[in-house]
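# Structural characterization, general
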Amino acid sequence: MHRVRHVVDRPRWRRRLRLTALCAIAAAAPALGAAADDRCPTRPSLQGAVPASWGIDVHNTRFQPRTQIDAGNVARLELKWVYGLASRQPRSWPLVSEDTLFIGDAGALLALDRESGCLRWRRELAGEVVSAVLHLPIGGRDALLFASRSGGIHAVDAADGSPIWQRRLAEPPVPMYSGSPLIYGDAVFVPVSSMEIGLSVNPLYGCCTTSGALARLDAATGEELWYRPTVENAGQVTGRHWLLVEKHGPSGAPVWGAPTFDPESGLVYFGTGQNYSLPASDTSDAIFAVDAETGTVRWVRQFTEGDAYNLACEISREHPNCPDPMGPDWDFGAPPVLVRHQGRTLLLAGQKSGDVHALDARTGETIWTRRIGRGGVLGGVHWGMAVNEAKGLLLVPVSDIEGHPSDRDPEPGLHALDLGTGEVRWVSQQQPRCEDRVCRAGVSAAPTVTEDLVFAAGMDGRLQVHRVDTGEVLWSHDSWRDYPTVNGVPANGGTFDAHGPLVVDDLVIVTSGYGSFGQRPGNALLVFQLRPEPTP
């Protein structure tokens, strides 16, 4: 296990950034009203909807075989239409059918015509949509499944967005939903985190009592079938500050990312974040393997011990809710990836430390570890990785926008690793477009990979398509501009982050403008399409 390095107090501008993010967590911005376009057909079809899960498949490989875009024609990609979103920090990943694009927009779910972008319907919700939108057949109806920040898991009718069921898991007093659920058969697996990471900034708050978790729900009804906390016996009283405010621990180990499922073994895998308070548990910054039927833990592998951290530390290391000693916040936020390679089943996990680990999926034994970034609060691997098994490549985005004092230089960019050894096969890095922090050229969003291409979106607002075997950039788009939109709402591009680009058929779909953590905000939903090949 890696030992923790203590870090110095953070400068004020970083505190302000994290407090800004806290405000976004605590309350989603109200959605702008919008009426359906009466020229737009209202009833969508759900034949062949993509993706089946956040990771395209239940292994979270982010490999997309359903596309006509390849190295020979990618240069013909051009902007088809742009929709101006209500949110300035869009954080939903779309579902695309043969005629409709479904996506969350702040406190609403939208159904947009795939060809024109016109609004088929809009359904207002209680909270911000933060996850992928997934297709779920329920009782003869086509349903849409997704998570909202504080409202839990929703199943709504795809025809008009009317509710079918909603489940807000009751065990944590302040649950927060961040990762996308995973559907397999009649099961829905739900990652759970907690708002306490932000509530800790209040010195009168008795931090912290909650544990992260993974839950299994019945897909038809939303009934909770099991609930697996990541910290057993969380929230015990450990002392007081200011005589009146009780301190609690252990806590935290949130589950930020989508789970990964192996139908062959019946195991579901997920990563955890840091503890929110001391004492630290042996399940933070760890990878879990649990039985999908019962929730029983088969194995846990921790990679960073003693990592206790919350947003109170951004105000001051002396804040009464900041753990002492304070850890480096080296989450596993990115979902683990399951692959078969050279006769072995591997589980690949990227960490905010900048480390990538390959584990034996059955035992949790470490096969190899490769450090490719400096790491930090906003460093290392954030949202997800992708795999091209035929090429034997793991595609790893590295942010490294912020780091702790270290003798290692930041290594932002897209890295291709050998699946069997972890050796670096190629790296694609860009020069920052300016000296300001907002211009740094790290890659935080999850990439998508096809048979011969990698689609990666940078924090500097540049969307790029790389040749998968060499990293050569074959096509790019700079989103830092204003766009005319199909709905008449002014739109501009910003930082690419979070779920990253979706590739389906001849389309590339991505939102530009994830404005959390001091990044450049924007509200542009961009849809690109292959231009028809010219006739001779």
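All figures in this text were calculated on a predicted structure; none of them were measured in a lab. (Residues numbered from 1 in each chain as written. Predicted model: local features only at pLDDT ≥ 70, side-chain atom pairs only at ≥ 80, totals over all residues. Heavy atoms only, no water.)

## Comments concerning the overall build of the protein chain
A tally of regular secondary structure across the protein chain gives three helices and 37 strands. Its C-alpha atoms give the protein chain a radius of gyration of 22 Å, within 12% of the compact-globule value 24 Å for 536 residues. Each principal axis of the C-alpha distribution contributes one length, and for the protein chain these read about 75 × 50 × 50 Å. Within the protein chain, counting contacts between residues at least 6 apart in sequence, those at least 24 apart form 60% of the total. The protein chain carries 49 positive and 61 negative side-chain charges, and their two centres are separated by 4 Å. (Helix = DSSP H or I, 4+ residues; strand = E, 2+ residues; numbered from the N terminus. Rg over C-alpha atoms; globule rule 2.2 N^0.38 Å. Contact = heavy atoms within 4.5 Å. Lys, Arg positive; Asp, Glu negative; His and termini not counted. Charge placed at Lys NZ, Arg CZ, Asp CG, Glu CD.)

## Description of empty space enclosed by the protein
Scanning the entire structure with this criterion turns up five cavities of 30 Å³ or more. Roughly 130 Å³ of volume is contained in the second largest cavity. Every residue lining the second largest cavity is counted, 15 residues in all, and those nearest its centre are Gln430, Ala441, Val443, Gly458 and Gln464. If you list the elements that add at least two residues to the lining of the second largest cavity, you get strand S27 (413–418), strand S30 (453–457) and strand S31 (462–467). The residue makeup of the lining of the second largest cavity, split by class, is five nonpolar, eight polar and two charged. (1 Å grid on protein atoms, 1.4 Å probe; cavity = no way out; pocket = protein on both sides within 12 Å on 5 of 7 lines; lining within 4 Å. Points joined across faces, edges and corners; volume = space filled by probe spheres on them. Nonpolar A, V, L, I, M, F, W, Y, C, P; charged D, E, K, R; others polar.)

## Quick look at the pairing of strand S21 (residues 337–341)
Within a regular beta strand, the side chains point alternately toward one face of the sheet and then the other, so they alternate between its two faces. Counted residue by residue, S21 has four buried out of five residues, so it is predominantly covered. Taken together, the five bridges between S21 and strand S22 (residues 344–350) define a ladder with antiparallel strand orientation. Across the sheet, residue Val339 finds its bridge partner in S22, namely Leu346. Between S21 and S22, which pair antiparallel and follow one another directly, the connecting turn spans two residues, one of which, Gln342, has a positive phi of 50°. (Buried < 20%, exposed > 50% of the residue type's maximum accessible area, 1.4 Å probe, protein only. Pairing = 2+ DSSP bridges.)

## Here's the deal with the pairing of strand S16 (residues 245–249)
As judged from the five bridges shared by strand S15 (residues 236–241) and S16, these two strands associate in the antiparallel manner. Counterpart to Gly239 in the pairing with S16 is Lys247. In this antiparallel pair of consecutive strands, S15 and S16, the connection spans three residues, and Trp242 shows a positive phi of 55°.

## Some thoughts on the pattern of salt bridges
Summed over all chains, the structure comprises 24 salt bridges. In this structure, Arg362 engages Glu264 in a salt bridge whose closest nitrogen and oxygen atoms are separated by 3.3 Å. Taken together, the residues Arg362 in the loop between strand S23 (355–360) and strand S24 (366–371) and Glu264 in the loop between strand S17 (260–262) and strand S18 (267–271) connect sequence positions 98 residues apart. Overall, the relative accessible area of 34% leaves Arg362 in the partly exposed class. Judged by relative accessible area, which is 63%, Glu264 ranks as exposed. We note a salt bridge from Arg433 to Asp478, for which the minimum N-O separation is 2.9 Å. Taken together, the residues Arg433 in the loop between strand S28 (424–428) and strand S29 (448–449) and Asp478 in strand S32 (residues 473–478) connect sequence positions 45 residues apart. Taken together, the shared-partner salt bridges in this structure form one network comprising Arg66, Arg114 and Asp505. (Salt bridge = Lys/Arg side-chain N within 4 Å of Asp/Glu carboxyl O.)

## Overview of unusual backbone geometry
Between Leu278 and Pro279 the backbone carries a cis peptide bond, its omega angle lying at 5°. Of note, Pro279 is situated in the loop between S18 and strand S19 (286–291). In this model, Asp324 is joined to Pro325 through a cis peptide bond whose omega is 10°. If you trace the backbone, Pro325 turns up in the loop between helix H3 (312–315) and S21.

## Topic: the state of the cysteines
Counting across every chain of the model gives three disulfides. A sulfur-sulfur separation of 2.0 Å characterises the disulfide bridge that pairs Cys40 with Cys118. One quick way to see it: the torsion about the S-S bond of Cys40 and Cys118 is about 70°, and its sign makes the bridge right-handed. Of this pair, Cys40 sits in the loop between helix H1 (12–26) and strand S1 (77–84) while Cys118 sits in the loop between strand S4 (108–113) and strand S5 (119–124), and the two are 78 residues apart along the sequence. (Disulfide = S-S within 2.5 Å.)

## Overview of the nonpolar core
Counting 46 residues, the largest nonpolar core has Leu101 and Leu525 as its most contacted members. Once residues within four sequence positions are removed from consideration, Leu525 is found in contact with Trp81, Val82, Tyr83, Leu85, Leu101, Ile103, Leu112, Ile509, Val510 and Thr511. Formed by 20 residues, the second largest nonpolar core is a distinct cluster that contains Phe455, Leu463, Leu526 and Phe528. (Core = buried A, V, L, I, M, F, W, Y, C linked by side-chain atoms within 4.5 Å.)

## Overview of the packing of aromatic side chains
This model, assessed by the stated rule, comprises 10 aromatic pairs. With a centroid separation of 6.2 Å and 50° between ring planes, the pair formed by Phe189 and Trp226 is classed as tilted. Here Phe189, found in strand S12 (residues 187–194), pairs with Trp226, found in strand S14 (residues 224–229); they are 37 residues apart in sequence, far enough to count as distant. Judged by relative accessible area, Phe189 falls into the buried class, the value being 2%. Among the residues examined, Trp226 registers a relative accessible area of 9% and is labelled buried. (Phe/Tyr/Trp six-rings, centres within 6.5 Å; stacked < 30°, edge-to-face > 60°.)

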